[in-house]
4 protein chains.
Amino acid sequence: MSENKSSGERKTTRLRRMLNSPRLEFLMEAHNGISARIVEAAGFQGIWASGLALSAQFAVRDNNELSWTQIVDMLEFMSDATTIPILLDGDTGYGNFNNMRRLVKKLEQRGIAGVCIEDKIFPKTNSFLTGKKQPLCGIEEFSAKIKAGTDSRKDEDFCIVARIEALIADWGMEEALRRAEAYHEAGADAILIHSKKPDPDEVLAFAERWAGRLPLIIVPTKYYRTPTEVFKRADIGMVIWANHLLRASVAKMSAIAREIQRSETLADIESQIAPLEEIFRLQNAEELAEAEKRYFSDS
Amino acid sequence: MSENKSSGERKTTRLRRMLNSPRLEFLMEAHNGISARIVEAAGFQGIWASGLALSAQFAVRDNNELSWTQIVDMLEFMSDATTIPILLDGDTGYGNFNNMRRLVKKLEQRGIAGVCIEDKIFPKTNSFLTGKKQPLCGIEEFSAKIKAGTDSRKDEDFCIVARIEALIADWGMEEALRRAEAYHEAGADAILIHSKKPDPDEVLAFAERWAGRLPLIIVPTKYYRTPTEVFKRADIGMVIWANHLLRASVAKMSAIAREIQRSETLADIESQIAPLEEIFRLQNAEELAEAEKRYFSDS
Amino acid sequence: MSENKSSGERKTTRLRRMLNSPRLEFLMEAHNGISARIVEAAGFQGIWASGLALSAQFAVRDNNELSWTQIVDMLEFMSDATTIPILLDGDTGYGNFNNMRRLVKKLEQRGIAGVCIEDKIFPKTNSFLTGKKQPLCGIEEFSAKIKAGTDSRKDEDFCIVARIEALIADWGMEEALRRAEAYHEAGADAILIHSKKPDPDEVLAFAERWAGRLPLIIVPTKYYRTPTEVFKRADIGMVIWANHLLRASVAKMSAIAREIQRSETLADIESQIAPLEEIFRLQNAEELAEAEKRYFSDS
Amino acid sequence: MSENKSSGERKTTRLRRMLNSPRLEFLMEAHNGISARIVEAAGFQGIWASGLALSAQFAVRDNNELSWTQIVDMLEFMSDATTIPILLDGDTGYGNFNNMRRLVKKLEQRGIAGVCIEDKIFPKTNSFLTGKKQPLCGIEEFSAKIKAGTDSRKDEDFCIVARIEALIADWGMEEALRRAEAYHEAGADAILIHSKKPDPDEVLAFAERWAGRLPLIIVPTKYYRTPTEVFKRADIGMVIWANHLLRASVAKMSAIAREIQRSETLADIESQIAPLEEIFRLQNAEELAEAEKRYFSDS
């Protein structure tokens, strides 16, 4: 169980405190060690380990093309590199209740603070393929998965968030609320209500009817124009900026690659990119230089 | 052995052809699947898998803190995602001649086109620690490592590049040339002459005396202001832009993270980052959508 | 694509030839590098990489508690250590058609000769849990998975075997035959008909009605008393000894551990276990000793 | 930090108590999850994760052909499968002081109780190659590595054992004692004195002169005929049975493979191997069956 160095508080406890805080809290996406460190350095209090971004960095698709252990391996680097809590976007838990139990165990061992699972079916399929209702996991099966997760955690502050796909899959508001209620009863620590509409209306409607029975998390990737003030008034507990560092990196890497390819020189781009010293700083090179003095002193 | 889809030519053969071409060729750094794909999309003909960038993305140091298999695992994603050849910045080969043999075998299995090894000692130590002469690997030991590498490759076009650290380590020009000669004799396919000076003088002096006995590769990270025309006139064979995509991504991720943290909204940054569709495109999501139609047709 | 050293024939071709041979052929279980080498040394022509044995060696359950990449990693060691073909017991393909495509790609890269997939649902659940009919994968979905596998292989000799669980799941003989027909049409290279009865009657009945439309594979773990002559007369193509080396190792390790624990001495057991030299031989230590002479000659 | 379930005592504390106990204690070799579980089931109080056995199971050589993370990955399965402490045979620490620090961190995260490092040079070379004195790591460098290890552990009970190769490398008794003294001062928790002689004379001579300044560990692989009573009288603290389960498994797997290959039937060997039920028991299948009842209750 990882402790936060500065405060002595466990990362799990810290995430739980964020979920239950009266203020609107924010998680920022990261997908590898260096982006995680950048998130912390920017002042965020928590990290969203996005399934899309984790996959995309490897140039594979967000359809469980990575194995779950490849994800856990990357999370370990992210956790080692930071002192703020990480919430994993854990898809469906990568299988059934037993896979979920195993996942929780491995995440706890690596100092991850919580996992968010969604009520879809493994492996995830493309949401835009057909006009038909998307299949969702049965309520009882998904509730059992949540319960298996909470039963198996060793640290009671490890957070299990239930993500509801009913609005995205076009199953309607009543189904979404029914699921939220069931997942609450099964022991979820928070509800993530997802929407792909360009406005927040259905999310706000859900929030009103939900009435704060559990903390509510939203992901405004599609309704990004909505002022944050709206979320605060709606008593949303947490906002996730879900994939924006990956998208930032892709934009800039593409621009720089094209520019160097065209110009065949670095002279024009040196000032647009981080200096080498910034990379060394993010790797904590200084600590090693100090240690070398200490342990190489006599040789 | 991976083939280039479009041409049928092996990646190894393609890298070898670049090394031996009369034109000045360029490799661009990448460190994961998506940056590799960006390099190819920008029009580059080859990829430099930088040890610094590979390490830094995980937020660990470029001192063999990653295991060699963690590096090979990431290279596999890079190779799968691209059709242009990848040259690995393989440090010291991660041990002795036997580790080198094993490395070559594993790289060939993953479709990597070549490896560059440097005449330092495992694990690498910080070059800036002391004013003393840095230790280098013995010439005979390093030559044997090159020979072990060439002896063990199954594909004779797999490239083994010898990187000379004598100028960086302050052992002088004569030592650098002596080493180049020995590595040539041991079977290296090209020489990478490294320098940390802010101008290219020592590299150009080396090139003049080397007189093209083997293709010469340079890494102008520190002497980035030098016009590329100078390298062409000096009969340099290949220039490596060694860490610029990582540095591009760090600059942009830091800026965006700070901006979102400050403003608590996405509204201002959406236009500065890659759209989601660009991420899907780099993941080749369309191919899966097509395949789903084919294999889900009846369900 | 791995070649068999002695013959130049690819491992895939060799497995395909075994499947199509008029003689009864045998695969022996292995689960790691050293057991694979032992199988080859004993004179077997092919290896069965058992899902049960692969899992059990790590002390996890055969319910997809290992990730699919952890399995592929172990297979790589097994393939590197041997020159005979390996057929992977690949469960359900670890997901849907797209996971199957990815699996085939990764197996081909590692020199595995084929994969057997079974028509159950990911993750596998315990077959003994209830008296109810076990759920099976839909015929069309499973057929599409086979087709996705064959479509995505680069080496046309890579073998895809369809394992039918209908008898085990108590869906009856007609269903088993209907499935065999469908999987044949989908492109399977052989049919594995599984049974947990203590006698071979249902397997023999299946074989008779199947009448050799595709090669037939059986796994007589439960009906082990049946003389092999019976299988030959029934025109079975291949017999898999599915988990016997793992079980051999467990029996002996348990006995030796208890003996040493009790006696607190090695004196009594030294003659019962393999000499150290046998371990060195299986690691091919001699090759390295020779290489050290070659590459260390001057130092 | 892993706790022992039955006692609540940490594994690290338990290993430390064994090292400091007045009785002669024993560690038994294991190399994967199932052998680790067998060791515990036999009644041993601790496990030796042998470098030779760990490598050999993958059919690679004990010359750092496995990466250090491949070893850590296997140790995680061993640790998850058992409640008794594991001491890793950690070669040289897989590099310099910084690699050692990283190793200690990763071992602690996985619940490993301690690591033994030896004063050789990475990568290990064959001890039988020449008649010349084998190179050893410098005393100061190795002492710094021990110190780096102890400085970096978070759990002060994590054990760091210094293994002395001076007798094996033919550097003599005085050198061995000088090294033991230096490693003691650097903070080692115990000394492992290694010998390849067929009798224990030099080990006993060392023990006498060492006089119990730190607990002494021996590995009687070569002098296996020596009665354990001799070690007790010599005030040895711990005996490691270093590779006997691997050798047991190889002997039996070879015999069974040859027997089945020859006879083409299982009928003769079924009684010589562990029943399937024993494998299921070692995988803890029953716990999953119980859990399935709990979490599948309604479906």
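An account of the accompanying structure is given in this report. (Residues numbered from 1 in each chain as written. Chains lettered and ligands numbered in written order. Predicted model: local features only at pLDDT ≥ 70, side-chain atom pairs only at ≥ 80, totals over all residues. Heavy atoms only, no water.)

1. Describing the packing of helix α12 (residues 285–295) of chain A against helix α5 (residues 97–109) of chain D
Interhelical geometry of α12(A) versus α5(D) gives an angle of 115° and a closest axis separation of 10 Å. Taken together, α12(A) and α5(D) sit at an angle that is classed as roughly perpendicular. Contacts between α12(A) and α5(D) pair Glu287(A), Leu288(A), Ala291(A), Glu292(A), Arg294(A) and Tyr295(A) from the former with Phe97(D), Asn98(D) and Arg101(D) from the latter. Classifying every residue of the contact of α12(A) with α5(D) gives four nonpolar, one polar and four charged. (Axes fitted to C-alpha atoms, helices over the stretch in contact; angles between N-to-C directions. Helix = DSSP H or I, 4+ residues; strand = E, 2+ residues; numbered from the N terminus. Parallel < 35°, antiparallel > 145°, perpendicular 65-115°, else oblique. Contact = heavy atoms within 4.5 Å. Nonpolar A, V, L, I, M, F, W, Y, C, P; charged D, E, K, R; others polar.)

2. What to know about the packing of helix α2 (residues 33–41) of chain A against helix α4 (residues 68–80) of chain A
To describe two helices that pack against each other, one gives the angle between their axes and the distance between the axes. Residues and elements named next belong to chain A. It is the contact of α2 with α4, at a shortest axis distance of 8 Å, that shows an interaxial angle of 35°. Between α2 and α4 lies a crossing whose hand is right-handed. In this structure, α2 contributes Gly-33, Ala-36 and Arg-37 to the contact, and α4 contributes Met-74, Phe-77, Met-78 and Asp-80. Split by residue class, the contact of α2 with α4 holds four nonpolar, one polar and two charged. (Left-handed = near helix turned anticlockwise from the far one by under 90°.)

3. What to know about the relation of the copies chain A and chain B
Expressed as a screw operation, the relation of chain A to chain B combines 0.0 Å of axial shift with a rotation of 180°, fitting to an RMSD of 0.0 Å. Accordingly, the operation relating the two chain copies is best matched by a two-fold axis. Of the C-alpha atoms belonging to chain A, the one lying closest to the rotation axis is found on Ser249(A), 2.1 Å away. Looking at the interface residues of chain A, 100% of them are also at the interface in chain B, so both copies use one shared face. (Least-squares fit on C-alpha atoms with pLDDT ≥ 70 in both.)

4. Regarding the packing of aromatic side chains
Within this structure, the stated rule accounts for 30 aromatic pairs over all chains. Summarising the aromatic geometry, the rings of Phe77(A) and Phe58(B) are spaced 4.5 Å apart at their centres and angled 45° between planes, so their arrangement reads as tilted. Of this pair, Phe77(A) sits in helix α4 while Phe58(B) sits in the loop between α3 (51–57) and α4 (68–80), on two different chains. Side by side, Phe77(A) and Phe58(B) carry an identical accessibility label, which is buried. Summarising the aromatic geometry, the rings of Phe206(C) and Trp210(C) are spaced 6.2 Å apart at their centres and angled 15° between planes, so their arrangement reads as stacked. Of this pair, Phe206(C) and Trp210(C) both sit in helix α8 (residues 201–210), separated by four residues, roughly a single helical turn. Residues Phe206(C) and Trp210(C) agree in their burial class; the two are buried. Its guanidinium or amino end placed over the ring of Trp171(C), Arg179(C) lies 5.6 Å from that ring's centre, counting from NZ or CZ. (Phe/Tyr/Trp six-rings, centres within 6.5 Å; stacked < 30°, edge-to-face > 60°. Buried < 20%, exposed > 50% of the residue type's maximum accessible area, 1.4 Å probe, protein only. Lys NZ or Arg CZ within 6 Å of the ring centre and 35° of its normal.)

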